[in-house]
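Each chain is listed here by its residues.
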Amino acid sequence: MAVNSTPSRLAITAVIAVLFALPYAGAPDFYLSYLYVVFFWVALATSWGVLSGYSGYWSFGHAAFFGAGVYTAASLTTKAGLPFLLTIPLAAAVAAALAGLIGLVVFRIKSLRGEFFALLTLSVTYVLAAIVSNTPIDGGGGVNMGQVSLPTFGTSVSGAIYLLGLLLALGALAVSRRVLCSRLGAGLLAIHDDEDVAEVKGVPTLRYKLAAFAISAAIAGAAGAIQAGYVGYITVGDTFSITVPLYVVLMSILGGACHWAGPAVGATLITVALGLFVGGNHAELGRAGVAFSLIVVILILPQGIMPRLLARLRKVRVQPKAARPGALTLAAARPAAAAMPASAGDSVLLECRGVTKRFGGLQALGGVDLQVRRGEILALVGPNGSGKSTLINMISGHFPLSSGSIVLDGQNISSLEPHEVARKGIARTYQIPRLFEQLSVFENVRLCAIFGSEHGAGQDDPDALARHWLAFTGLADKAHELPAALNLHERKFVEFARALAARPKLLLLDEVLCGLTPSEVDQAVGLIRKIRAGGTTIVFVEHVMRAVVALADRVAVLDQGRLLALGAPQETMQMAEVVDVYLGVAHAA
Amino acid sequence: MLLAQSALGGLLLGGIYGLLAMGLSLSWGLLRFVNLSHFALAFLGAYLTYQLGTQFAMPPWAALLLIAPAFFVLGLALHAVFVHFKVTEFSSMLVTFGVTVLIESLIQWVWSADFRKFDTPYAQSSFQLGPIFVPVLELSAFLCAALLAATAWLCLHRTLLGRALRAAAQDGPIAAAFGINARRLSYGLAGLCSASAGLAGVFIALTSTLAPSQIEAWIGVVFAVVIIGGLANAPGALAAGMLVGISESLTMALVNPAWAPLVAFSILIALLLWRPRWL
């Protein structure tokens with residue numbers, strides 16, 4: 001990130017030190033409270049970014065978590081007599097619990113759309129406001145915190161509030177940066193681009209969304225507690241107002257929601273701009289100005305300021321990065337799943353027992369029994385609509401089974417979530433490549449190396465793995481491109497690299513050859529052979545018969561959701577029934 | 001008897017909810033624009049009705065004749081901006097959020113933040129149906145909503161133009177390949193949705209107290225109504241409006257008026273958990 005070089009790190013440390021010293025140096029309260037407002041919005045906007053910026057689930061309900069914090073602090077100090085400082089972590093906990101509860105309800109909805117999430121979170125704000133104003137928590141008259149003794153470190157109350165705000169803003173930034181650089185952040189960015197694929201690649205999407213939601217709400221709750229101390233007199237109208245989500249969303253978009261520092265940059269710019277208006281007693285004009293800039297920014301600069309800036313910086317720094325892949329020696333990287341016993345033999349890796357899938361009244365699979373042997377290449381063929389892709393989707397856990405079971409290595413995997421199936425060692429590719437479009441090719445592959453399988457986790461450096469599999473698929477020089485810059489052939493090979501980086505025991509390939517030119521098909525066939533030579537078992541769905549005959553050890557023919565034939569390629573494809581389903585009965589007769 | 005009276009009140013309130021929800025539902029479902037500024041437009045319409053009525057003594061129906069075409073043009077202009085900048089479904093919500101705040105500021109600037117009430121001689125007029133009093137204004141709002149819902153449904157499902165609109169909403173490029181000029185249709189629909197906001201505004205001016213902050217109070221409930229009724233479904237929006245309206249009034253009568261705002265969201269959350277097919 002931008003903070004890595006030593007001079008800029010020194011400068012940032014110096015700025016932070018000066019900020020901490022300000023109250024002790026006797027800065028006037030007016031400036032302290034002005035800066036506090038900046039910190040407050042930095043913390044709030046940054047916390048919003050942790051869920052909404054990274055994962056793309058835009059919450060319009062940030063006021064709910066902020067308000068939960070405000071009222072937790074207000075109630076506990078005035079009614080229970082707790083010390084103010086103690087209520088800050090408690091407020092964070094209450095807000096996080098609230099987020100967890102809401103998340104459990106809404107994130108379980110499989111087809112939850114972004115707009116629904118936004119509106120639902122907005123509704124929660126109103127519900128919470130109604131509850132607070134109708135119960136003794138507020139009672140409709142507001143809560144006066146005038147009697148509460150506030151801490152006075154940093155020489156005065158405003159100094160203390162200022163320092164708390166500064167700590168919170170720095171804390172929020174640190175948390176946000178930490179999240180972005182961790183597995184959680186990688187997973188959230190993948191969810192942002194394509195949640196289904198993220199799940200199939202091993203990202204525990206539900207858990208990650210809940211975690212991000214809780215972290216985001218906790219920071220907002222803590223900000224609420226501090227704000228309660230700052231404001232002193234609390235009303236439902238001011239707390240649960242639309243201003244909070246409006247400002248937070250705008251600040252994040254202006255700065256760039258996908259970057260950890262983006263919301264903070266936007267928050268600083270807007271708070272300073274608003275301060276100029278409020279200074280001249282034009283609060284209403286300021287609000288209109290913010291609204292107007294929201295419109296302009298979204299129309300003209302949908303990506304925000306930070307990504308633009310970073311793109312500039314990155315152009316300068318691309319040189320050393322591009323040199324790195326060359327340093328990798330191909331021989332050093334071991335073949336896939338080397339831990340597996342070398343004796344491929346006849347042992348069964350995957351077994352489908354009576355796998356049935358009904359979509360409403362339509363039966364897509366009617367009891368398929370199929371064994372996949374360790375180390376083999378099994379081709380899955382059949383006419384369109386015969387259930388090939390459905391079977392792949394069932395094995396990878398995308399659809400729940402109507403009946404039957406799927407067993408991998410003696411373990412029943414039929415009731416597992418897709419990400420758990422992925423971590424058991426099953427990887428798949430998509431017929432139409434579904435890459436994470438906002439991530440570079442390298443990051444696409446790296447993500448799958450991180451989340452792919454549990455047996456290799458922690459031992460290998462995901463960066464090295466990603467470089468290895470990109471070299472393996474011949475994409476090393478495209479590593480830092482975005483997927484949009486690739487052609488279909490290259491996109492399919494990125495799909496390969498992603499699947500392989502997970503070091504699967506079983507690789508499911510869904511029509512990888514369709515749409516490729518004859519020479520590209522030959523290349524892909526060579527690649528598949530190389531993969532098998534590394535010890536990976538492969539099941540592939542294919543219409544290109546030349547490739548089926550060239551690659552497969554055995555062919556399974558599906559027709560109307562049933563297994564029609566199974567055996568060596570040449571003989572199976574010449575069986576009368578198989579010819580019938582492919583060419584029509586009349587032709588065979 | 002009190003219950004029957006409040007149920008009727010809720011039913012008629014549901015008419016106004018439905019009136020507001022229809023425009024939103026159609027523009028969300030068919031144009032893929034989540035138009036938050038619909039509420040602000042309705043309130044702008046309400047304030048204009050108030051102004052024309054109090055300053056120039058213009059009757060509401062005449063005000064409507066002015067407001068509806070003006071809002072049609074306003075809707076066209078807003079849609080033109082969206083189309084020009086290729087605003088996505090999600091960004092449309094953010095942009096119109098901004099427009100809402102802008103209009104709210106404008107209203108506050110012109111009419112101040114104070115509550116306003118448009119007093120008309122017929123504001124309290126009602127007739128008696130057995131033991132129940134039926135307020136005339138609310139009833140006409142409800143009838144307008146019902147008429148609009150029926151017209152919208154007939155247009156969308158029984159005319160070539162309506163079918164073309166639905167096809168364009170489901171897959172724009174394919175519909176265009178079959179010769180549907182989605183662009184012109186979408187402009188027309190955007191204008192009509194905006195005009196319907198003006199109509200709702202006239203009734204809001206006649207039946208409730210006006211304040212800029214009231215805009216936000218409607219957003220939550222009406223969006224709940226839109227989602228409950230199903231997107232692009234005008235009769236559904238009206239039915240959902242009636243459901244929410246009646247539930248709210250009964251809550252007010254039986255439990256406590258202060259809890260009424262919770263009703264719509266409780267229904268919405270219950271529905272989202274149960275997930276019927278139309279959602």
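Parameters and conventions
Residues numbered from 1 in each chain as written. Chains lettered and ligands numbered in written order. Predicted model: local features only at pLDDT ≥ 70, side-chain atom pairs only at ≥ 80, totals over all residues. Contact = placed C-beta atoms within 7 Å. Helix = DSSP H or I, 4+ residues; strand = E, 2+ residues; numbered from the N terminus. Nonpolar A, V, L, I, M, F, W, Y, C, P; charged D, E, K, R; others polar. Domains from an automatic or database assignment. Pairing = 2+ DSSP bridges. Axes fitted to C-alpha atoms, helices over the stretch in contact; angles between N-to-C directions. Core = buried A, V, L, I, M, F, W, Y, C linked by C-beta atoms within 7 Å. Buried ≥ 20, exposed ≤ 12 C-beta atoms within 10 Å, placed from the backbone. Parallel < 35°, antiparallel > 145°, perpendicular 65-115°, else oblique. Left-handed = near helix turned anticlockwise from the far one by under 90°. Expected span 1.5 Å × (residues − 1). pLDDT = per-residue confidence, 0-100.

## Notes on the interface of chain A and chain B
Taken together, the contact pairs 25 residues of chain A with 28 residues of chain B. Put simply, the parts of the chain that give the side of chain A that touches chain B at least two residues each are helix 5 (114-134), helix 11 (243-255) and helix 13 (283-300) of chain A. Broken down by class, the residue content of the side of chain A that touches chain B amounts to 19 nonpolar, three polar and three charged.

## Topic: the domain arrangement of chain A
Residue and element names in this part refer to chain A. The assigned domain composition of chain A is domain 1 (27-241) and domain 2 (349-588). Centre-to-centre, using C-alpha coordinates, domain 1 lies 43 Å away from domain 2. Contact with domain 1, which involves 16 residues of that partner, is made by 19 residues of domain 2. Only helix 7 (183-193) and helix 8 (195-200) provide two or more residues apiece to the side of domain 1 that touches domain 2.

## A few points about the sheet that holds strand 8 (residues 426-428) of chain A
All names here are of chain A. Strands sit in the order 8-9-10-5-11-12 across an open sheet of six strands; the sheet is mixed. Two strands close off the open sheet at either side, each with one partner strand: strand 8 and strand 12 (562-567). Adjacent strand axes in the sheet meet at a mean angle of 20° when their direction is disregarded. Across the sheet, helix 15 (residues 388-395) lies against strand 5 (377-381), strand 8, strand 9 (506-510), strand 10 (537-541) and strand 11 (554-559), angled at about 145° from strand 9, the strand it touches most.

## Side note on the sheet that holds strand 3 (residues 348-359) of chain A
All names here are of chain A. An order of 4-3-6-7 is seen for the four strands of this open sheet, with the pairing classed as antiparallel. The open sheet has two edge strands with one neighbour each: strand 4 (362-373) and strand 7 (411-412). Here strand 3 runs beside strand 6 (residues 403-408); their pairing, made up of five bridges, is antiparallel. Residue pairing for strand 6: arginine 353 is matched across the bridge by serine 405. Sheet strands in contact with helix 15 are strand 3, strand 4 and strand 6, and its direction is about 65° off that of strand 4.

## Topic: the pairing of strand 6 of chain A
Residues and elements named next belong to chain A. Note: strand 6 against strand 7, two bridges, orientation antiparallel. From the neighbouring strand, leucine 408 faces strand 7, where its bridge partner is glutamine 411. Connecting strand 6 to the next strand, strand 7, in antiparallel fashion are two residues, including aspartate 409 with a positive phi near 55°.

## Quick word on the nonpolar core
In this structure, Ala95 and Ala497 of chain A together with Leu19, Val222 and Val225 of chain B are the most contacted members of the largest nonpolar core, which totals 288 residues. Ranked by residues supplied to this core, first place goes to helix 9 (residues 205-231) of chain A with 15 residues. Residue-level mapping places this core at the junction of two domains, with at least three residues from each of domain 1 (27-241) and domain 2 (349-588) of chain A. What alanine 95 of chain A contacts, discounting residues up to four positions off in sequence, is Phe65, Ala68, Gly69, Ala217, Ala218, Ala220 and Gly221 of chain A.

## A closer look at the packing of helix 2 (residues 37-56) of chain B against helix 3 (residues 60-84) of chain B
Each packed pair of helices is defined by two parameters, the angle between the axes and the distance between the axes. Residues and elements named next belong to chain B. Direction vectors running N to C along helix 2 and helix 3 enclose 140°, while the axes themselves pass 10 Å from each other. When the interaxial angle is binned, helix 2 and helix 3 end up oblique. Seen from above, helix 2 lies across helix 3 with right-handed handedness. Between helix 2 and helix 3, the contacting residues are Leu41, Gly45, Leu48, Thr49, Leu52 and Gly53 on the first element and Pro60, Ala63, Ile67 and Phe71 on the second. Taken together, the residues of the contact of helix 2 with helix 3 sort by class into seven nonpolar, three polar and no charged.

## Observations regarding the environment of leucine 294 of chain A
Mapped onto the elements of the fold, leucine 294 of chain A is located in helix 13. Leucine 294 of chain A has contacts with Leu250 of chain A together with Leu94 and Gly98 of chain B, leaving out every residue within four places of it along the chain.

## Describing helix 3 of chain B
Along an α-helix, residues three or four positions apart point the same way, because every turn accommodates 3.6 residues. Residues and elements named next belong to chain B. Its 25 residues give helix 3 an end-to-end C-alpha distance of 35 Å, which sits within 8% of 36 Å, the value for a rise of 1.5 Å per residue. For helix 3, every residue scored as buried is listed here: Pro60, Ala63, Leu64, Ile67, Ala68, Phe71, Leu74, Gly75, Leu78, His79 and Phe82. Where helix 3 is buried, its residues meet helix 2, helix 4 (89-111) and helix 8 (182-207). Looking at the residues trailing helix 3, positive phi occurs at lysine 86, about 50°.

## Topic: the confidence of the model for chain B
Mean pLDDT for chain B: 84, with 97% of residues reaching 70 or above. The complex model carries a pTM of 0.82, and its ipTM stands at 0.78.

## With respect to the packing of helix 17 (residues 441-451) of chain A against helix 18 (residues 462-472) of chain A
Residue and element names in this part refer to chain A. At their nearest, the axes of helix 17 and helix 18 sit 8 Å apart, and the two run at 120° to each other. Taken together, the axes of helix 17 and helix 18 are oblique relative to one another. Along this stretch, helix 17 crosses helix 18, giving a crossing that reads as right-handed. Every residue of helix 18 that contacts helix 17 at Phe442, Val445, Arg446, Ala449 and Ile450 is listed here: Pro462, Asp463, Leu465, Ala466, Trp469 and Leu470.

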